[in-house]
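The lines below spell out each chain.
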Amino acid sequence: MQKIDSHIQNMGKMSKASKLAIQLVQAKSVKPETSAHFFSVLEAAMSSPTSCHQPFVRANYLALFTVTQDIAEVKFV
């Protein structure tokens with residue numbers, strides 16, 4: 001997850017990194033012991049307040065945070 005963390009901040013690599021993060025969530029690989037690392041990936045994704053508005057990565061941000069929200073709602077409801 002550390003590589004995803006560093007790559008997700010790079011607009012050129014954001015698409016691939018976000019897809020890998022989504023795959024981790026969908027594979028149920030984010031466990032309580034790795035949740036802090038995954039949260040750092042989300043923090044890194046939002047490190048630039050303007051990057052999520054870029055048209056070429058907007059869909060990636062939406063997909064990443066939608067999947068994350070869906071899993072959070074399942075665990076905490």
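### With respect to the overall build of the chain
- Broken down by element type, the chain carries four helices and zero strands.
- Its helices and strands in sequence order give the chain the pattern α-α-α-α, from N to C terminus.
- Computed over its C-alpha atoms, the radius of gyration of the chain comes to 12 Å, within 12% of the 11 Å expected for a compact globule of 77 residues.
- Along the three orthogonal principal directions, the C-alpha set of the chain runs to about 30 × 25 × 20 Å.

### What about the environment of alanine 72?
- As for its position among the elements, alanine 72 is in helix α4 (residues 58-76).
- What makes alanine 72 partly exposed here is its relative accessible area of 30%.
- Sequence separation of alanine 72 and glutamine 26 is 46 residues, and the distance between their C-alpha atoms is 12 Å.

### Thoughts on the nonpolar core
- Judged by nonpolar contacts, the single largest core of 18 residues is most densely connected at Ile8, Ala21, Phe38, Tyr61 and Leu64.
- Contributing elements (two or more residues each) for this core: α1 (2-8), α2 (14-26), α3 (35-45) and α4.
- Beyond its immediate chain neighbours, meaning those up to four positions away, isoleucine 8 contacts Met14, Ala17, Ser18, Val41, Ala44, Ala45 and Leu64.

### Thoughts on α2
- Over its 13 residues, α2 runs 18 Å from end to end, which matches the ideal 18 Å to within 8%, given 1.5 Å per residue.
- All of the buried residues along α2 are Met14, Ala17, Ser18, Ala21, Ile22 and Val25. Projected down its long axis, α2 carries its buried residues within an arc of 140 degrees, all on one side. More than 90 degrees from the buried face of α2, the exposed residues found are Lys16 and Gln26.

### Remarks on α3
- Looking at α3, one finds that the buried residues are Phe38, Val41, Leu42, Ala44 and Ala45. Seen along its axis, α3 keeps its buried residues to an arc of 160 degrees; they face one direction.

### Overview of the environment of glutamine 54
- The residue glutamine 54 is located in the loop between α3 and α4 in this model.
- According to the relative accessible area criterion, glutamine 54 is partly exposed, its value standing at 32%.
- Residues glutamine 54 and alanine 27 lie 27 residues apart in sequence; the distance between their C-alpha atoms is 28 Å.

Cut-off values and rules
- Residues numbered from 1 in each chain as written.
- Predicted model: local features only at pLDDT ≥ 70, side-chain atom pairs only at ≥ 80, totals over all residues.
- Heavy atoms only, no water.
- Helix = DSSP H or I, 4+ residues; strand = E, 2+ residues; numbered from the N terminus.
- Rg over C-alpha atoms; globule rule 2.2 N^0.38 Å.
- Buried < 20%, exposed > 50% of the residue type's maximum accessible area, 1.4 Å probe, protein only.
- Core = buried A, V, L, I, M, F, W, Y, C linked by side-chain atoms within 4.5 Å.
- Contact = heavy atoms within 4.5 Å.
- Expected span 1.5 Å × (residues − 1).
- Arc of directions from axis to C-beta.

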